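# Examining the three-dimensional arrangement
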Amino acid sequence: SELARVHFPAYKAANQSGFDGELITRGPSLFASTEASVWELSTSGNILPKANEDYADADRKAEILGWKNKVTTYIALTSQVWRKKQQWLKQKRAERKWADVQAYDATDIAQWLSQAPSVFVWFSSQIGKFIEDIDTLEEYFKRWSQRTTPALNEHVVLSGRTKELEKVRAWLRTDQQGGSPSTFA
């Protein structure tokens with residue numbers, strides 16, 4: 001479904017009050033059965049206590065921030081493997097505080113990454129897990145451009161290629177608008 005609003009603060013902003021993430025889509029999404037969802041993210045090895053703490057605080061946050069629980073999905077996401085995830089979900093859904101409750105763990109993240117190979121390659125490089133014989137565009141350009149002294153930069157590479165650059169930009173815009181361009185040559 002189409003994204004209407006995405007708010008997942010990062011870096012220094014990640015410690016601000018409120019939910020770790022807020023997502024509004026036009027229609028249900030892969031992650032939530034409602035258009036609105038609030039997310040709590042965790043890397044804690046103490047999965048259950050952290051999930052319960054975040055869930056217990058969610059009503060207060062929702063009230064302060066103006067979220068309507070009855071039309072919003074609450075999502076707990078952990079970077080750990082959560083063996084008792086289904087039990088936790090069953091308990092929280094039975095409380096009927098939210099329109100829906102979802103929980104995702106490391107297994108779900110791995111499955112999502114397997115469905116998006118380019119994201120998998122990028123994410124792997126971000127966490128220092130490089131894949132043999134596969135580079136991100138940034139890694140390839142850095143290695144390629146440093147073969148000369150001085151190193152080449154993007155201005156040298158793009159010099160005299162204005163038409164080609166505009167074709168690539170148009171192709172990227174089309175892809176972001178839901179099209180599926182197969183080539184830009």
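Everything here concerns the structure above.
Residues numbered from 1 in each chain as written. Predicted model: local features only at pLDDT ≥ 70, side-chain atom pairs only at ≥ 80, totals over all residues. Heavy atoms only, no water.

## Observations concerning the packing of helix H3 (residues 106-115) against helix H4 (residues 117-126)
- One can describe the packing of H3 onto H4 by two numbers: an axis separation of 5 Å at closest approach and a directional angle of 120°. Classified by the angle their axes make, H3 and H4 are oblique. Here Leu113, Ser114 and Gln115 of H3 lie close against H4, whose contacting residues are Pro117, Val119, Phe120 and Phe123.
- Broken down by class, the residue content of the contact of H3 with H4 amounts to five nonpolar, two polar and no charged. (Axes fitted to C-alpha atoms, helices over the stretch in contact; angles between N-to-C directions. Helix = DSSP H or I, 4+ residues; strand = E, 2+ residues; numbered from the N terminus. Parallel < 35°, antiparallel > 145°, perpendicular 65-115°, else oblique. Contact = heavy atoms within 4.5 Å. Nonpolar A, V, L, I, M, F, W, Y, C, P; charged D, E, K, R; others polar.)

## Concerning the packing of aromatic side chains
- The tally for this structure, following the rule as stated, stands at eleven aromatic pairs.
- With a centroid separation of 5.6 Å and an interplanar angle of 70°, the aromatic rings of Phe31 and Trp39 are classed as edge-to-face.
- On the accessibility criterion, Trp39 (6% relative accessible area) is buried.
- Given the relative accessible area of 24%, Phe31 is considered partly exposed.
- One aromatic cluster is present, built from ring pairs that chain together Phe8, Phe31, Trp39, Tyr104 and Trp112. (Phe/Tyr/Trp six-rings, centres within 6.5 Å; stacked < 30°, edge-to-face > 60°. Buried < 20%, exposed > 50% of the residue type's maximum accessible area, 1.4 Å probe, protein only.)

## Focus: a nonpolar patch on the surface
- A surface patch of nonpolar side chains, amounting to about 330 Å² of accessible area, comprises Leu3, Val6, Phe8 and Leu41.
- Within the element layout of this structure, Leu3 appears in strand S1 (residues 2-7).
- In this structure Leu3 comes out as exposed when scored by relative accessible area, which is 51%. (Patch = residues over 30% accessible without salt bridge, like charges linked within 9 Å, V, L, I, M, F, W, Y side chains within 5 Å. Areas by Shrake-Rupley, 256 points an atom, 1.4 Å probe, with all protein chains shown as cover. Salt bridge = Lys/Arg side-chain N within 4 Å of Asp/Glu carboxyl O.)

## Topic: the pattern of salt bridges
- Following the criterion strictly, the structure yields twelve salt bridges and no others.
- Notably, a salt bridge pairs Lys97 with Glu95, separated by 3.9 Å at the nearest N-O pair.
- Note on Lys97: relative accessible area 32%, which makes it partly exposed.
- Between Arg169 and Glu166 there is a salt bridge, with the nearest N and O atoms lying 3.2 Å from each other.

## Here's the deal with the layout of surface pockets
- Each pocket or cavity is described by its volume, and for the largest pocket that value is around 980 Å³.
- Taken together, 25 residues line the largest pocket, and the ones lying closest to its centre are Phe8, Phe31, Trp39, Leu77 and Trp112.
- Sorting the residues of the lining of the largest pocket by element identifies S1, strand S2 (21-26), strand S3 (36-42), H3 and H4 as the ones contributing at least two each.
- If one sorts the elements of the lining of the largest pocket by residue count, H3 sits on top with six residues. (1 Å grid on protein atoms, 1.4 Å probe; cavity = no way out; pocket = protein on both sides within 12 Å on 5 of 7 lines; lining within 4 Å. Points joined across faces, edges and corners; volume = space filled by probe spheres on them.)

## Focus: helix H1 (residues 47-65)
- Its 19 residues give H1 an end-to-end C-alpha distance of 25 Å, which sits within 8% of 27 Å, the value for a rise of 1.5 Å per residue.
- The largest bend in H1 comes to about 35°, at Ala58.
- Buried residues of H1: Ile47, Ala51, Asp54, Tyr55, Ala58, Lys61 and Ala62, and no others.
- Buried-residue contacts for H1 involve S3, strand S4 (72-78), helix H2 (85-95) and strand S5 (100-104).
- Two residues or fewer past H1, Gly66 is found with a positive phi of approximately 85°. (Expected span 1.5 Å × (residues − 1). Bend = angle between axes of the 7 residues up to and from the residue.)

By themselves, these figures tell us nothing about what the structure is for.
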